[in-house]
Amino acid sequence: MKRRAIFQLINWRLLFQRLSFASMLAGLALYAVWPWIPGVRTTPPRTLVIYGFSILGEMMNEGIAPAFQAQWQRQRGESVQFISSFAGSGTITNQLVLGVPAEVAILSLELDAIRLVEAGVLSSETWRRLPHSGVLNRTPFVILVRPGNPKGIHDFADLARSNIGVVHPDPLTSGGANWAILAEYGAGARHSSAPAEAGYQLLLGIWRNVVAQAASARAARTQFENGFGDALITYEQEALRDSASRRLQAEIVYPSSTIFSEHTVVTVDKNIAATQRELVDAFVTFLWSDQAQSIFVKYGFRSVNEVFNHANSSFGRINDPFLVSDFGGWPRAKREIVDAIWKRRVLKEIGQ
Amino acid sequence: MTTNTQGNSSRTSGLLPVSFLLMVLLPLLLMPLGAIYVFAVRGGLSGFLATLRQPDAQFALRFSLLIAFSTSLLNGVLGTFTAYVLAKHRFQGREALSVIVNLPVAIPTVVVGTSLLLLWGPIGLLGQFLDPVGIQPMFAPFGVLLAHLFVTFPYMLGAVKPVLDELEVTYEEAAYTIGANRWQAFRFVILPALRGGLFSGSLLTFAHSLGEFGATVMVSGNLRLRTQTAPLYIFAQFEAGNIATANSVAAILATLSFVLFFVLLRFTERRSQRLT
């Protein structure tokens, strides 16, 4: 009798609820701290902190990082962990200016590297001492259209027609967007008797049709993928990867005349501890090795070494390719085209 | 008998407002949440588990949980202390202070992140003196914790302070008259009364910390395997077009917060039942 009374006194349901809640919390906490429990984790690997512009993510994580990790393991018997972050080139540059601990950064355009010098993050234009003046790889700018090309888009000029919606990355944060502006301007300006005016007209026509602006080339693609617009201006690499993985139902249109973007590697010396120097240097050297350059080609970038580019049969042909050096380099192109023509004339004209 | 039928009739007449509520909530809340789960399991259960097994997804979840636990713990202590001081002491500027400690509710979290960067970042007001000696709170796990403490501060306070305000001073005074010191009065009189507030405050803080995005994206530097929280991971994966991966982690977070708020709801219900 007495025992039963005690038995009834206990609120079993409440007890059960409390116990299950407590064990849930304990389970969560255990899960959270698991890798940091002594004995569970093996010797912490060496780390390398890399910031890169948006479209590099997949190639770095799946291609370059494992290859370099294997090489370092073979040579030194140490495992290296890549601590990385990928976003629009402008975003990365802003983060570097604010002081993120990047040891190596791969920027979409040299202009962002120059901004790092101006902000005091880099002591001077140190990337010029790297192979190919810091240019890691290239890729031409192309147009992506819906399957079957329903709007009949064959060149940049077609994007200026009425009833076309263009998805464009935002030049404020995206390096790709700045390349795209040069591509659009150049496509109009080259082979014209009045280049500046022809370039301006084509830029204006295309920008009248911009329906969505995304923070990075990657984000612009995601917007296009989600059904925005009729055309997307983007890196060939991005377009090739997407059609290869069959993720994006789209067709690549190769403009007759377009720019090859050149991507710049910088080492952020103030963030590199003395003990890290050797590792960072080995990694940077690795980036221009034959192995790394062929990985770039495999992932749809064009190598700075032309011989490797035959390995990828899906690369399209461009009749009239041009480079930023044709406009006198990035500082001048930024001043004369992006600022003077796109920002001050085109944006004003379309009332943004 | 009569009360019973009345109860039933009021329940049936609730059909109209309930279905109207559902009609509003379906597209607003329920369907978007459902979409997360649909996309998360598109690649089958094995695909769902495979995306979760990736080391950076594992890290992001663990890191988020660690930050959420630490935030609840620290803000539990800090929030209770603040509430106690604000409720029990009369001093100049008390009103202003009560407003200030509640500000994080209204300030956009991105602004919180920026303000922390401008203070503790390597080029910040204080950070520029710390940077040369090798102390860098920002772009490190500690910076994420700071941001979460800031953003979730009002939730603990909001849960504890009303209880303290309503607590009869006489109990505390009675404790003093029988010789209790300040700590004993707090420990044996006030703290037991606060248990409910502490519990719901901690849960709220935990849930908010788990979902925090705006401030974290600014102060963390978004480094995978170092400072990337689960929401940042979801955003990065979604931006990269890996929608299934993003949604697998999102589904875990959604489930977790569902359970947390369910517990919270049951708890507050039981308390109000006990009080009436």
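Residues numbered from 1 in each chain as written. Chains lettered and ligands numbered in written order. Predicted model: local features only at pLDDT ≥ 70, side-chain atom pairs only at ≥ 80, totals over all residues. Heavy atoms only, no water.

K.L.:
A description of unusual backbone geometry should follow, citing residues and the corresponding values.
P.N.:
Phi is mostly negative for residues that are not glycine, and the peptide bonds are mostly trans. Residues and elements named next belong to chain A. Phi at serine 133 takes a positive value of approximately 55°, unusual for a residue other than glycine. Along the polypeptide, serine 133 turns up in the loop between helix 5 (110-118) and strand 4 (135-145). Of note, the phi angle at asparagine 149 is positive, near 45°, even though the residue is not glycine. Its place among the elements puts asparagine 149 in the loop between strand 4 and strand 5 (166-169). (Helix = DSSP H or I, 4+ residues; strand = E, 2+ residues; numbered from the N terminus.)

K.L.:
For the layout of surface pockets, give the residues involved together with the corresponding values.
P.N.:
Over the atoms rolls a probe the size of a water molecule, and in doing so it shows where empty space is left. There is about 950 Å³ of room inside the second largest pocket. Lining the second largest pocket we find 31 residues, and of these Phe21 of chain A together with Phe199, Leu203, Val263 and Phe267 of chain B sit closest to its centre. For the lining of the second largest pocket, the secondary structure elements donating two or more residues are helix 2 (12-33) of chain A together with helix 4 (55-88), helix 10 (182-211) and helix 13 (243-275) of chain B. A per-element tally of the lining of the second largest pocket places helix 10 of chain B first, with nine residues. A per-class count over the lining of the second largest pocket returns 18 nonpolar, seven polar and six charged. (1 Å grid on protein atoms, 1.4 Å probe; cavity = no way out; pocket = protein on both sides within 12 Å on 5 of 7 lines; lining within 4 Å. Points joined across faces, edges and corners; volume = space filled by probe spheres on them. Nonpolar A, V, L, I, M, F, W, Y, C, P; charged D, E, K, R; others polar.)

K.L.:
Talk me through a nonpolar patch on the surface; I want residue IDs and the actual numbers.
P.N.:
A cluster of nonpolar side chains, Val18, Phe20, Leu22, Met23, Val24, Leu26, Leu28, Leu29, Leu30 and Met31 of chain B, forms an exposed patch at the surface whose accessible area comes to about 990 Å². Structurally, phenylalanine 20 of chain B can be placed in helix 2 (residues 15-40). (Patch = residues over 30% accessible without salt bridge, like charges linked within 9 Å, V, L, I, M, F, W, Y side chains within 5 Å. Areas by Shrake-Rupley, 256 points an atom, 1.4 Å probe, with all protein chains shown as cover. Salt bridge = Lys/Arg side-chain N within 4 Å of Asp/Glu carboxyl O.)

K.L.:
Outline the interface of chain A and chain B, listing residues and values.
P.N.:
Chain A puts 36 residues into the contact, and the matching count from chain B is 32 residues. A combined buried area of about 3,000 Å² lies between chain A and chain B, and 61% of that area is made up of carbon and sulfur atoms. Among the residues of chain A in contact with chain B, Phe21, Tyr31 and Leu98 of chain A are the three that bury the most area, contributing 20% of the side total. If you look at where chain A meets chain B, you find eight residue pairs in polar contact (both at pLDDT 80 or more). Counting residues per element, the ones that place at least two in the side of chain A that touches chain B are helix 2, strand 1 (46-53), strand 2 (80-87), helix 4 (89-98) and helix 8 (217-225) of chain A. Each residue belonging to the side of chain A that touches chain B can be placed in one class, and the counts come to 21 nonpolar, 11 polar and four charged. (Contact = heavy atoms within 4.5 Å. Buried area = accessible area lost by both parts, 1.4 Å probe. Polar contact = N/O pair within 3.5 Å; in protein donor to acceptor, adjacent residues only side chain to side chain.)

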